[in-house]
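# A closer look at the structure
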Amino acid sequence: MSKWSDRFNELPIEVRHIASMVESEMRINQLEAEKLRLKRSYDRNLKEINQHIANLKRWIEKGEAANE
């Protein structure tokens, strides 16, 4: 074990419990922030892809109309 693990284990159980809860809350906040960042990126990429699809469909429709 590391020096910090040994020191943590020397603390009273109540203090270790509080520290563990604080660490868990911080990790939850980090994960929620990461989830939001990924969702924003996903939404932005999905919007770009949908725009490309719409542009290609319009281009195809124009080509078909010109051939009629």
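Residues numbered from 1 in each chain as written. Predicted model: local features only at pLDDT ≥ 70, side-chain atom pairs only at ≥ 80, totals over all residues. Heavy atoms only, no water.

### A word on a nonpolar patch on the surface
Taken together, the side chains of Phe8, Leu11 and Val15 make up a nonpolar region of the molecular surface, amounting to roughly 210 Å² of accessible area. Turning to its location among the elements, Val15 is positioned in helix 2 (residues 13-67). (Patch = residues over 30% accessible without salt bridge, like charges linked within 9 Å, V, L, I, M, F, W, Y side chains within 5 Å. Areas by Shrake-Rupley, 256 points an atom, 1.4 Å probe, with all protein chains shown as cover. Salt bridge = Lys/Arg side-chain N within 4 Å of Asp/Glu carboxyl O. Helix = DSSP H or I, 4+ residues; strand = E, 2+ residues; numbered from the N terminus.)

### So, the pattern of salt bridges
Scanning the entire structure with this criterion turns up 2 salt bridges. Residue Arg37 pairs with Glu34 through a salt bridge whose shortest N-O separation is 2.7 Å. On the criterion of helical spacing, the pair formed by Arg37 and Glu34 is a turn pair, its members being 3 residues apart in helix 2. Note on Glu34: relative accessible area 34%, which makes it partly exposed. Between Asp43 and Lys39 there is a salt bridge, and its shortest N-O distance comes to 2.9 Å. Separated by 4 residues within a single helix, Asp43 and Lys39 lie in helix 2, roughly one turn from each other. Residue classification places Lys39 among the partly exposed positions, given a relative accessible area of 49%. (Buried < 20%, exposed > 50% of the residue type's maximum accessible area, 1.4 Å probe, protein only.)

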